[in-house]
Amino acid sequence: MNRIRLYLHRLFRRPALTGPMRLYIRRIPTGAGLDLEEYFVHVIETIADDSDLLDLFMEIVEDRGISRGHDGWEPEKLLMERLAEAVGHEIPVRGKTLLRLADRLHRAAVLAAPVSAVPAQREAGAA
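First things first, this report covers the structure right here in the doc.

Thresholds applied
Residues numbered from 1 in each chain as written. Predicted model: local features only at pLDDT ≥ 70, side-chain atom pairs only at ≥ 80, totals over all residues. Heavy atoms only, no water. Pairing = 2+ DSSP bridges. Helix = DSSP H or I, 4+ residues; strand = E, 2+ residues; numbered from the N terminus. Expected span 1.5 Å × (residues − 1). Buried < 20%, exposed > 50% of the residue type's maximum accessible area, 1.4 Å probe, protein only. Arc of directions from axis to C-beta. Contact = heavy atoms within 4.5 Å.

Okay, the pairing of strand S2 (residues 31-35) next. As judged from the 5 bridges shared by strand S1 (residues 24-28) and S2, these two strands associate in the antiparallel manner. For Tyr24, the partnering residue across the bridge sits in S2 and is Asp35. With antiparallel pairing between neighbouring strands as the criterion, S1 and S2 make up a hairpin whose turn holds 2 residues.

Structural data, given as structure tokens:
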């Protein structure tokens, strides 16, 4: 069901960003959802197409599989940093595109339904 909503959203809405990667914004009752699927696909394809990055990813998988319990030391964090640096972890947004994105996010924030407050219960003995 969520997948169908996502497709309908993409059919009838313009992307907030069109380049270098499309970014969609979908209003939800409490704010906005950012659709970063195109970036996610880019990351997976980059890892799959580069044997060094794939080896690094497999090393992370092995480290996570071997770990027993959490002792505070997470050796895969260093590997994750190397992988993120190689693949990239930012989508550049510049100029007028940045202003359009800010406007779309602002409109989503303004139009978001406010969360209704639950009235405080009266204390026993209060009038």
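Let's shift gears to helix H4 (residues 76-87). Relative to the 16 Å expected for 12 residues at 1.5 Å per residue, H4 spans 16 Å between its end C-alpha atoms, a close match to the ideal helical length. Regarding H4, the residues found buried are Glu76, Leu79, Leu83 and Val87. Buried residues along H4 cover an arc of 65 degrees about the axis, so they all sit on one side. Of the exposed residues in H4, those oriented more than 90 degrees away from the buried face are Glu81, Arg82 and Glu85. The inward-facing, buried residues of H4 contact helix H2 (37-49) and helix H3 (51-66). Looking one or two residues past H4, Gly88 carries a phi angle of roughly 100 degrees, positive in sign.

Next up on the list: the environment of Leu101. Here Leu101 is to be found in helix H5 (residues 95-111). Separated by 78 residues in sequence, Leu101 and Leu23 place their C-alpha atoms 9.2 Å apart.

What follows deals with H2. Helix length check: H2 (13 residues) gives 18 Å between terminal C-alpha atoms against 18 Å at 1.5 Å per residue, within 8%. Burial in H2 covers these residues: Tyr39, Val43 and Ile47. Projected down its long axis, H2 shows its buried positions confined to an angular sector of 70 degrees, all on one face. Exposed and oriented more than 90 degrees from the buried face of H2 are Ala48 and Asp49. Looking at the packing, one finds that the buried side of H2 touches H3 and H4.

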